[in-house]
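A structural walkthrough
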Amino acid sequence: MRGVSVSTFRSLVRSLQPPARIVDWSIFVGVLLEAGSGLLSLIGATPAWAPLFWLHRAVGLTLIVLLGFKLARVRHRITRASQWQRSTVLSVVTLLTATVVLGSGIVWVFGFAPEIPLFTLLTVHAGLGLLLVVLMGAHLYTRFRPPRRADFHRRRTTIQYSVMLIAGAVTYRGQEILNRLLGTEGADRRFTGSQRTDGEGNSAFPVTSWVADDPDPVETEEWDLTVRGEVDRRLELGYGELTPDTAEEALLDCTSGWYTVQEWQGVRVEELLDASSTTGQASHVRFVSVTGYRWTLPIEEARDALLATHVGGERLSHGHGAPMRLVAPGRRGFQWVKWVERVDVRQNGDPAQWIVTLISGFTD
Ligand code: HEM
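Residues numbered from 1 in each chain as written. Predicted model: local features only at pLDDT ≥ 70, side-chain atom pairs only at ≥ 80, totals over all residues. Heavy atoms only, no water.

Here the focus is the overall build of the protein. Of regular secondary structure, the protein possesses 9 helices and 11 strands. Projected onto its principal axes, the C-alpha positions of the protein cover 80 × 45 × 40 Å. Taken over 364 residues, the protein has a buried fraction of 46%. Within the protein, contacts between residues separated by at least 24 positions form 73% of all contacts whose residues are at least 6 apart in sequence. Carbon together with sulfur atoms contributes 61% to the accessible area of the protein, which is approximately 18800 Å² in total. Side-chain charges in the protein split into 37 positive and 36 negative, and the spacing between the mean points of these groups amounts to 24 Å. (Helix = DSSP H or I, 4+ residues; strand = E, 2+ residues; numbered from the N terminus. Buried < 20%, exposed > 50% of the residue type's maximum accessible area, 1.4 Å probe, protein only. Contact = heavy atoms within 4.5 Å. Areas by Shrake-Rupley, 256 points an atom, 1.4 Å probe, with all protein chains shown as cover. Lys, Arg positive; Asp, Glu negative; His and termini not counted. Charge placed at Lys NZ, Arg CZ, Asp CG, Glu CD.)

Structure, rendered in structure tokens:
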């Protein structure tokens, strides 16, 4: 009986296994999809983005099956040193990197978040995920074998991949149920994968920077906020001239894998825009940090945003962006500009902001 079930399982797996070249190219396409959905997920902050994270997870789990097929086929070539070629080293490094990327994603889902100096497991996951794209490209280049039309059997290939994707989606549902049953940290994650940090005020959530922004503390007495651009009245306001009379609870979700819900207190951007009287050309608002780091919001969204001076009833700490930081609900943390000193009212968006956010910490 046991012999029968094992052989049944084996033949089921064999029937699911696509031809070798299709497996190889699917792994490459799968990794591209994962890196693409991973990068896109960095701006996904509202529940409308949840399907992108589901896709990322389902494809990620499907990749494990495809890698299993690949390994079953090539294991002899990597376990017998006599069969090693020059490109085998690259293949093994690619395989190890893929294993770490897939493994780190899965253990993160179960709430495993080991302390890693300067990084979190999720940033390691993302960084190695991007490296994997390069390694995969090099691997395919050294072992280039184009897919053949003969390998595609429309009906069988479609069934094979549908079964694998459904298995991936079922597995991740299973993970969520397991998380809840075991009461793991993972059970408390947002759809973005971020884990909740509890408590109020500055010490309740980590001090992180998108890349390397780490300015010296800003002297509040010497600091002022400038509102300029598409305005009739340019404003230069000292800290004492800003009355933090608006309080708002907002969720800050950081791409490094944590989120916090805090009461933020500060000045509604709308008040500043009305006080400076924006012109008819004004369509976007750019928030600029003392480091040069910046982010731009459409003016309607900017009007609802807050420039916070306090969090959880405390004055903002330096690490969290004192004297003033942007609170932009529905945006990921890296768009909540810290150490704000200027508000530019503009006629257009600012695509270059993506590059600026990557280099601002290195330009001092
Ligand atoms: C920029 C690159 C990437 C980012 C930002 C990213 C982000 C994420 C996030 C946020 C999660 C956790 C989701 C959750 O907790 O619900 C996750 C899980 C995962 N990711 Fe990525 N990822 C990236 C690249 C990759 C790549 C290249 C692969 C595959 C080669 C991959 C495979 C996985 C897997 C297998 C999981 C776990 C799925 C599960 O257990 O349900 N990721 N990723």
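So, about the coordination of the iron atom of the ligand. The protein atoms that coordinate the iron atom of the ligand are H56 (NE2) and H125 (NE2), at distances spanning 2.0 Å. With 6 donor atoms in place around the iron atom of the ligand and angles of 88 to 180° between them, the coordination shape is octahedral. Taken together, the residues H56 in helix 3 (residues 50-79) and H125 in helix 5 (residues 121-142) connect sequence positions 69 residues apart. With relative accessibility at 15%, the residue H125 sits in the buried group. (Donors = N, O, S within 2.8 Å, 3.2 Å for Na, K, Ca; no water. Tetrahedral: all angles 85-135°; square planar, octahedral: opposite > 155°, others 65-115°.)

A few words now on the packing of aromatic side chains. Evaluation of the coordinates by the stated rule reveals 10 aromatic pairs. Taking 5.6 Å as the distance between ring centres and 80° as the angle between the ring planes, the aromatic pair formed by F53 and F191 counts as edge-to-face. With F53 in helix 3 and F191 in the loop between helix 6 (154-182) and strand 1 (195-196), this pair connects stretches of sequence that are 138 residues apart. Judged by relative accessible area, F53 falls into the buried class, the value being 9%. Given the relative accessible area of 23%, F191 is considered partly exposed. Ring geometry for W223 against Y239: centres 6.1 Å apart, planes inclined by 65°, an arrangement best described as edge-to-face. Within this pair, whereas W223 is found in the loop between strand 1 and strand 2 (224-229), its partner Y239 is found in the loop between strand 3 (235-238) and strand 4 (246-254), the two being separated by 16 residues in sequence. (Phe/Tyr/Trp six-rings, centres within 6.5 Å; stacked < 30°, edge-to-face > 60°.)

Reading across the sheet, the 5 strands line up as 3-2-11-6-7 and stay open at both edges, with mixed pairing between neighbours. The sheet terminates laterally at strand 3 and strand 7 (294-298), the two strands that pair on one side only. Along the sheet, successive strands turn relative to each other by an average axial angle of 15°, direction set aside. Where strand 6 (residues 284-289) and strand 11 (residues 340-346) come together, 6 bridges link them in antiparallel fashion. Bridge assignment links F287 to a residue of strand 11, and that residue is V343. (Pairing = 2+ DSSP bridges. Axes fitted to C-alpha atoms, helices over the stretch in contact; angles between N-to-C directions.)

Right, let's talk about the nonpolar core for a bit. Membership of the largest hydrophobic core comes to 44 residues, with the highest contact counts inside it found for L225, W264, F287 and L307. Take this core: its biggest share by element is 4 residues, from strand 8 (residues 306-311). I22, L66, L67 and Y161 belong to the second-largest nonpolar core, a separate cluster that totals 19 residues. (Core = buried A, V, L, I, M, F, W, Y, C linked by side-chain atoms within 4.5 Å.)

Turning to the side chain of Q353, a few remarks are in order. As for its placement among the helices and strands, Q353 is situated in helix 9 (residues 353-359). Aside from chain neighbours lying at most four places away, what touches Q353 is R294, W295 and T296.

This next bit is on the site of the ligand. Around the ligand lies a shell of 28 residues, among which H56, R57, H125, Q175 and R189 are the nearest. One of the side-chain N or O atoms of Q175 is found 2.6 Å from an oxygen atom in the ligand. Between the ligand and R189, the relevant distance is 2.7 Å, taken from an oxygen atom to a side-chain nitrogen or oxygen of the residue. The residue makeup of the shell around the ligand, split by class, is 15 nonpolar, 10 polar and 3 charged. (Near = heavy atom within 4 Å. Polar contact = N/O pair within 3.5 Å; in protein donor to acceptor, adjacent residues only side chain to side chain. Nonpolar A, V, L, I, M, F, W, Y, C, P; charged D, E, K, R; others polar.)

Here we come to helix 7 (residues 269-276). Inspection of helix 7 places V269, L272, L273 and S276 among the buried residues, and these make up the whole buried set. Taken end-on, helix 7 shows its buried residues confined to a sector of 95°, consistent with a single buried face. Backbone geometry just after helix 7 places S277 at a positive phi near 55°. (Arc of directions from axis to C-beta.)

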